[in-house]
Amino acid sequence: MDAAALEHLGFEIALGTYLISSVLFVLYFSIKKRRLAEMGFTLALFGFAFQTLALATRWLYAGYPPWISTYEVISFFAWAAVGGYLILNFKSDYKSAGVLILPLAFVLLGFASMQPTNPAPLIPALQSVWIFIHVPIIILSYCAFVIAFAASMLYLFKDKQLSEAGITEGLNRKSDEGSRDTPPSGTPESTGTLANFSLEQLDDLAYKSVAVGFPLLTIGIITGAIWAESAWGSYWSWDPIETWALITWFVFLIYLHAKTQNWSASLAAYIAAFGFLSAICTFLGVGYVLPFLQTYVSVSTGLHGYAGGGAISGTVLFCGILGAVLVLLFATRKKPPNATRAPPARTDAESEPTP
Amino acid sequence: MNFAIKLLTSTRFAVAVIGLIILVSVVGTLYPGGDVVFGSPWFLALIGVLAVSAALCSLTRIVPLWRDLRRPQVEVSDHFMQALPYSVRLSGVTLTQVRDSLKGYAIRETMTESTTFLLAQKGRVGRFGPHIAHFGVLILLLGVAIGAAYGNANPYNNKIAVIPEGSSLQVDGFALRLDDFSLSYYNNGAVRDYTATVTVLDGNLVQTSNVTVNGPLTYKGLTFYLYGYGVTESGNAWVAFQIKSASGVSFVWVGAAITLVGIMLSLYVPHKRIWIKESGQSTQLGAISNKSSARFFREIEGVRAKLESRAHLDHM
């Protein structure tokens, strides 16, 4: 078997495995059998191993890292997202997050499979040491934002469940002491799938993910600017990808400011979800736009390409709709009285007790 | 005036401005040609307002913060101790024992007639993180402004210069000569890279270097980028260079680096504080951190458990 066939096989197995794993997680959320989540997780691990094999094989035979073409970037992102999810479950039990991560990975891989897969030699503009730094750093930051998104969505689900169950003591609800050490007893059946973690843990997980992702995105934007400066003489040119990366940065900047101000934890969860959508816009923008590079003849072509103005709109529209859905959810949610305050454990200068 | 400062320094206001910038940017990328908004005066004004807000936020907060960190309140009330997120009464453990087992903390102590107070602090520099980040952004924006003011004023900025092989171009006090132009190829015939060999002639200085797609040449504040190439009818190659003024760019990089350091300090260096109050037989301990505190509290819990079990053994 030649290398390309081996890579293809690994890719197909990962695609299939992520699909089955997604189905298992969705089933887990509807019939709440713990075994389904365990199986889904094992399959995710299995699929990840095969995708790792596929990416490594490709790197070896293509001679450059697997994050250049649309197909590669998207597969790499899916791989990093699943990898982040697996690492997350290394020390604590957030397997339920698979209900968001695995379908995302499956959709991404499905999207990648529709792209041309033949490795093309690197065009001159992409031959830079920055391609080894800028691209993986950006992808890792998005991977952190995926985890922040999953944690935030689980937070919102759980918050809603608890409100419906009439538990309204705020973030540290007394009857919500779920943790990985103590299997919950006496919690309503409906919270079973989310019982392994408390609202506080989810809020903390989202914050920590953003705390990893935000500096990475900052480094990614700066290295991108340095690269742009050396490749075509301008560190910033407001091309759609740059602009969306900056929008993502601004959204998470709001998130971090909201956190220092102790604004409501569910508001923070919505902001993190928006930040993730913005990251997806940026990311798919790159995916759509990069192929245009291949048709450029000028030597100092833009690294993200300028032809993407139209192509990004479809993605933006898609994310806009998702964003609008989130806004609606936010506007229509039932707010329990004096609930969902940020954990008192995190405070800042303006809100701590005075001697 | 007071109202204006209050408004500009409030986080809500800054968040609202960032929200507006986000909205405008989204709209700017939606339409082909919509990116003109990024050069429009009112978009620049929005960025300006955000910069002023960040500057004032730091200016008004940094002095009280500095004072608070230099002369912290060591003597605290019982009410304060109990209001801290971590608050315990130690049994059989003295203030001195706790102090000796705290590693890497800056310690202050005061005594009144009957009571001894101790404050142990770690990670104070983290509290300056946001202000360092704000400062970095201002430096970065200063660089952008310098670039806009001086770069655009430079007559050579953004010009495209075409130099035939063997000829030279007279620029601001020096000349640039194109010696050679070559292409390298992959096995399948695709272009691997373009290389222009050029020589700077400036008085007695003669300096030859290669310009590639990712490797421009900078000399006397002007940067030459490979832009295009062609061949004349007589078979002679020519290369087009884009000239950019490098004004302000170093400020942008320095500003970006400072911002990054500020962000990392504020996210990764938690400011941890432990107060101990000892009067007579009773010792109270309270702690607070400005970041997620679970690990910090576990650490204190560990110290406390060790000391208490030792005290317990001593009593037996």
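Residues numbered from 1 in each chain as written. Chains lettered and ligands numbered in written order. Predicted model: local features only at pLDDT ≥ 70, side-chain atom pairs only at ≥ 80, totals over all residues.

Caption draft 1: Just the overall build of chain A, in detail. Looking only at helices and strands, chain A features nine helices and zero strands. Starting at the N terminus, the α and β elements of chain A follow one another as α-α-α-α-α-α-α-α-α. Sorting the 355 residues of chain A into buried and exposed places 55% on the buried side. Taking the intrachain contacts of chain A between residues at least 6 apart in sequence as the baseline, contacts between residues at least 24 apart amount to 78%. (Helix = DSSP H or I, 4+ residues; strand = E, 2+ residues; numbered from the N terminus. Buried ≥ 20, exposed ≤ 12 C-beta atoms within 10 Å, placed from the backbone. Contact = placed C-beta atoms within 7 Å.)

Caption draft 2: Region of interest: the overall build of chain B. In terms of regular secondary structure, chain B is built from eight helices and 13 strands. Against the globule reference of 20 Å for 316 residues, chain B gives a C-alpha radius of gyration of 31 Å, more extended than a compact globule. In terms of overall dimensions, chain B has a C-alpha envelope of 105 × 50 × 45 Å along the principal axes. For chain B, the proportion of its 316 residues judged to be buried stands at 29%. Within chain B, contacts between residues separated by at least 24 positions form 64% of all contacts whose residues are at least 6 apart in sequence. (Rg over C-alpha atoms; globule rule 2.2 N^0.38 Å.)

Caption draft 3: Quick look at the nonpolar core. In terms of nonpolar packing, the biggest core is built from 145 residues, with A:F77, A:A81, A:I101, A:A105, A:V146 and A:A272 touching the most fellow members. Contacts of A:I101, omitting those with residues within four sequence positions, involve A:A81, A:V82, A:Y85, A:V146 and A:A150. Judged by nonpolar contacts, the second largest core, of 17 residues, contains B:V76, B:M81, B:L285 and B:F296. (Core = buried A, V, L, I, M, F, W, Y, C linked by C-beta atoms within 7 Å.)

Caption draft 4: Summary view of the packing of helix α7 (residues 240-260) of chain A against helix α2 (residues 11-30) of chain B. At a minimum axis distance of 10 Å, the contact between α7(A) and α2(B) shows a crossing angle of 160 degrees. Taken together, α7(A) and α2(B) sit at an angle that is classed as roughly antiparallel. Classified by chirality, the crossing of α2(B) by α7(A) is left-handed. Contact residues: α7(A) offers A:P240, A:T243, A:W244, A:L246, A:I247, A:F250, A:V251, A:L253, A:I254 and A:H257, while α2(B) offers B:T11, B:A14, B:V15, B:I18, B:I21, B:I22, B:S25, B:V26, B:G28 and B:T29. Across the contact of α7(A) with α2(B), the residue classes tally to 14 nonpolar, six polar and no charged. (Axes fitted to C-alpha atoms, helices over the stretch in contact; angles between N-to-C directions. Parallel < 35°, antiparallel > 145°, perpendicular 65-115°, else oblique. Left-handed = near helix turned anticlockwise from the far one by under 90°. Nonpolar A, V, L, I, M, F, W, Y, C, P; charged D, E, K, R; others polar.)

Caption draft 5: Representation of the interface of chain A and chain B within the structure. Contact with chain A, which involves 48 residues of that partner, is made by 53 residues of chain B. Looking at the side of chain A that touches chain B, the elements with two or more residues in it are α6 (199-232), α7 and α9 (311-332) of chain A. Considering every element that reaches the side of chain A that touches chain B, the biggest residue donor is α6(A), with twelve residues. Broken down by class, the residue content of the side of chain A that touches chain B amounts to 29 nonpolar, 14 polar and five charged.

Caption draft 6: Examining the sheet that holds strand β3 (residues 115-122) of chain B more closely. Residue and element names in this part refer to chain B. A sheet is described by the order of its strands in space; here five strands give the open sequence β1-β13-β12-β3-β2, paired in antiparallel fashion. Each having just a single partner strand, β1 (86-90) and β2 (106-111) make up the two edges of the open sheet. On average, adjacent strands in this sheet sit at an angle of 15 degrees to one another, irrespective of strand direction. When β1 meets strand β13 (residues 282-289), the two strands line up antiparallel, connected through five bridges. When the bridges of β13 are listed, Y86 appears paired with A287. (Pairing = 2+ DSSP bridges.)

Caption draft 7: Representation of the packing of helix α6 (residues 129-151) of chain B against helix α7 (residues 249-268) of chain B within the structure. Residue and element names in this part refer to chain B. Between α6 and α7, the least distance of the axes is 7 Å, while the angle of their chain directions is 165 degrees. Between α6 and α7, the angle falls in the class roughly antiparallel. Considering only the axes of α6 and α7, their crossing is left-handed. A breakdown of the residues in the contact of α6 with α7 according to their chemical character gives 19 nonpolar, eight polar and no charged.

Caption draft 8: How the structure looks around the pairing of strand β11 (residues 237-245) of chain B. Residues and elements named next belong to chain B. Across five bridges, strand β4 (residues 160-164) lies against β11 in antiparallel orientation. Counterpart to P164 in the pairing with β11 is W238. The turn linking strand β10 (residues 222-231) back onto β11 is made up of five residues, and G235 within it adopts a positive phi angle of 90 degrees.

Caption draft 9: Highlighting the domain arrangement of chain A. Residues and elements named next belong to chain A. Parsing chain A into structural domains produces domain 1 (1-119) and domain 2 (122-344). Tallying the contact residues gives 25 residues for domain 1 and 26 residues for domain 2. Those elements that place two or more of their residues in the side of domain 1 that touches domain 2 are α1 (3-31), α3 (70-91) and α4 (98-113). Within the side of domain 1 that touches domain 2, the residues separate by chemical class into 18 nonpolar, five polar and two charged. (Domains from an automatic or database assignment.)

Caption draft 10: Layout of helix α5 (residues 134-164) of chain A. In this model α5(A) runs 45 Å from its N-terminal to its C-terminal C-alpha over 31 residues, within 8% of the 45 Å that 1.5 Å per residue would give. A:G166 occupies a position one or two residues after α5(A) and carries a positive phi of about 80 degrees. (Expected span 1.5 Å × (residues − 1).)

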